[in-house]
Number of protein chains: 2
Amino acid sequence: MTTEATVQGEQNDGVPELENLTLSQRAHAHLREEILSNRLPPGTELQELALSQRLGVSRGPIREALGRLAAEGLVTVRPRRGAVVHSLSSEDFLQAYQVREALEGLAIRLAVPRLTPPELDELQRLTDTMETHAASGRVTEFFEANAVFHERLVDASGNAKLQEIYRRLAGQMHRYWRRSLVLRGDLRRSVSEHRAILDAARQGDEETAARLLADHIRVPQIRMQSMTADELLEAEASFERKEEA
Amino acid sequence: MTTEATVQGEQNDGVPELENLTLSQRAHAHLREEILSNRLPPGTELQELALSQRLGVSRGPIREALGRLAAEGLVTVRPRRGAVVHSLSSEDFLQAYQVREALEGLAIRLAVPRLTPPELDELQRLTDTMETHAASGRVTEFFEANAVFHERLVDASGNAKLQEIYRRLAGQMHRYWRRSLVLRGDLRRSVSEHRAILDAARQGDEETAARLLADHIRVPQIRMQSMTADELLEAEASFERKEEA
DNA sequence: CGGCTGGTAACTGTCAACAATCGGCGCGCG
DNA sequence: CGCGCGCCGATTGTTGACAGTTACCAGCCG
């Protein structure tokens, strides 16, 4: 940093893809992106040789990337049998959901005394967006607005560790947004719950906000207990059909 | 799941000598152990060549192990500059502490309706142990009993994801137990807080238990805000001196 | 005497080859 | 005809070597 080797050939050409990251980091980011976007659906087998020639690198960086992904919980590696994209059972998903929203419970307690007017405005705007999409049945857009709402809340907590853990967990769960919505149920009720939470936050009443959020948490759990696994799958399939229309 | 994850059908014969794990797994476990036990204190630089010849393997497995440890948050890797054992600032530690105890808040809500008499008895026993050690000033033993108490609570939740995240976080923080105790303050007060939580749990009153635990959470935060960084370091040093006596 | 420059040594990032292990498949035996 | 056994291809685990970069140090110039 103090001395810079400006004479060194730093090829800063017009290509915007100037990645001076290591190959393993790029492989990691690439695979992570493909998994999170569902281009590599859960259960997909990941073979090192195929990945290496597809990304144009050798197996070393690929192995490191897979190791990192395994530590993040996105893939599971079976010793001497390769890696597969990790999949969550309904049970696993519900448990992760509980943890995620518990983290948000902490987030809102920390965030409420710190929330700035611009932040409150953005949360308000996101809630409005959710309401619009809920009314018109745009479930995908609803989910995205909902995800951003909760992420902003966590960011506003000012707790870096909380943000780190929350993002990791949210990343693991993002692929299962259909299941999230099925468990969440009525979107309009969800919107009104968000409004109530936001109102309490606006008044600086963190205890009420946290209590409302806790109630919000239990909705998917209660619904899941009243559904069989088959009903859950059927509801997910129904969502998929609707989305394709 | 992140660390050793899925190794099934592991039959350990009488000889602990021959581990049929991969070298990278053994390197990972070895380094993890050395870091958690403070034999590799925070800030220690980890050079691949030195590690590889110390463990008798080549650099490949070492690199994989370091990558896993980095994903777990136990080391930080600086591109092209090697890895160092991760250290937590007071700020980081407090944030991690908040998250950890928030996770326990979820744990106790889930655990209370499920707690069996044997589990309650063990929690009672651990609280008694804490009281004994608090009275005689055996801070190390107090901390261990306290850690087990909270871990049992998390186990009793029946939520595997919660257990996984909690263990990871507790592992990161375990090296800083002195700081934990300094922030916690009066041990006898801590014991009585545990008793109150346990009483509520015994009566099946999860809301009261969770509320008491939430109050329990805020103690270190409040204390930290009333201490300067120098006072914190001095108090830690004081603990160290006492421990050596 | 201090700051900059050039060289050098050490370390990380990457690769291709070697070795070990697993699963599948066909053959032979009961 | 069913079942077990051993070979074989494929894939992972591991290694040593090579290349690029960083940090350190000595020497020169101002």
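All values derive from a computational prediction rather than experimental measurement. (Residues numbered from 1 in each chain as written. Chains lettered and ligands numbered in written order. Predicted model: local features only at pLDDT ≥ 70, side-chain atom pairs only at ≥ 80, totals over all residues. Heavy atoms only, no water.)

*Asks:* How should I be thinking about the packing of aromatic side chains in this particular structure?
*Replies:* We describe a pair of aromatic rings using the distance from one ring centre to the other and the angle between the two ring planes. Scanning the entire structure with this criterion turns up six aromatic pairs over all chains. Ring centres 5.8 Å apart and planes at 55° place the aromatic pair A:Phe93 and A:Tyr97 in the tilted group. With A:Phe93 and A:Tyr97 both in helix H4 (residues 90–111) and four residues apart, the pair spans about one turn of that helix. With respect to burial, A:Phe93 and A:Tyr97 carry one shared label: buried. An aromatic cluster is present here, built from A:Phe93, A:Tyr97 and A:Tyr176 joined pairwise through their rings. Above the face of the B:Phe93 ring, B:Arg179 is positioned so that its terminal group lies 5.9 Å from the ring centre. (Phe/Tyr/Trp six-rings, centres within 6.5 Å; stacked < 30°, edge-to-face > 60°. Helix = DSSP H or I, 4+ residues; strand = E, 2+ residues; numbered from the N terminus. Buried < 20%, exposed > 50% of the residue type's maximum accessible area, 1.4 Å probe, protein only. Lys NZ or Arg CZ within 6 Å of the ring centre and 35° of its normal.)

*Asks:* Teacher, can you tell me more about the interface of chain A and chain B here?
*Replies:* When the parts come together, some accessible area is lost, and that loss is often what is quoted as the size of the interface. Listed per partner, the contact involves 32 residues of chain A and 31 residues of chain B. Regarding the contact of chain A and chain B, the summed buried area is about 2800 Å², with carbon and sulfur atoms giving 58% of it. For chain A, the biggest contributors to the area lost against chain B are A:Ala71, A:Val99 and A:Lys161; these three give 17% of the whole. One can count two salt bridges joining chain A with chain B. Here A:Arg63 and B:Glu64 are joined by a salt bridge, their closest N and O atoms 2.9 Å apart. (Contact = heavy atoms within 4.5 Å. Buried area = accessible area lost by both parts, 1.4 Å probe. Salt bridge = Lys/Arg side-chain N within 4 Å of Asp/Glu carboxyl O.)

*Asks:* What am I meant to see in the protein's contact with DNA strand C here?
*Replies:* What surrounds DNA strand C is a group of 16 residues, the closest being A:Leu23, A:Ser58, B:Gln47, B:Arg59 and B:Arg63. Within 4 Å of the protein, the contacting atoms of DNA strand C are 77% sugar and phosphate, with bases supplying the remainder. B:Glu48 has a polar backbone atom sitting 3.4 Å from a phosphate oxygen of DNA strand C. Between DNA strand C and B:Arg59, the relevant distance is 2.8 Å, taken from a base nitrogen to a side-chain nitrogen or oxygen of the residue. A class-by-class count of the residues in the surface near DNA strand C yields four nonpolar, five polar and seven charged. (Near = heavy atom within 4 Å. Polar contact = N/O pair within 3.5 Å; in protein donor to acceptor, adjacent residues only side chain to side chain. Nonpolar A, V, L, I, M, F, W, Y, C, P; charged D, E, K, R; others polar.)

*Asks:* What am I meant to see in the relation of the copies chain A and chain B here?
*Replies:* Relating one copy of the chain to the other requires a rotation about an axis plus a shift along that axis. Between chain A and chain B, which share one sequence, the superposing operator has a rotation angle of 180° and an axial displacement of 0.1 Å; the RMSD is 0.2 Å. Taken together, the rotation and translation describe the operation of a two-fold axis. The share of interface residues of chain A whose copies in chain B are also at the interface is 88%, consistent with both copies meeting through the same surface. (Least-squares fit on C-alpha atoms with pLDDT ≥ 70 in both.)

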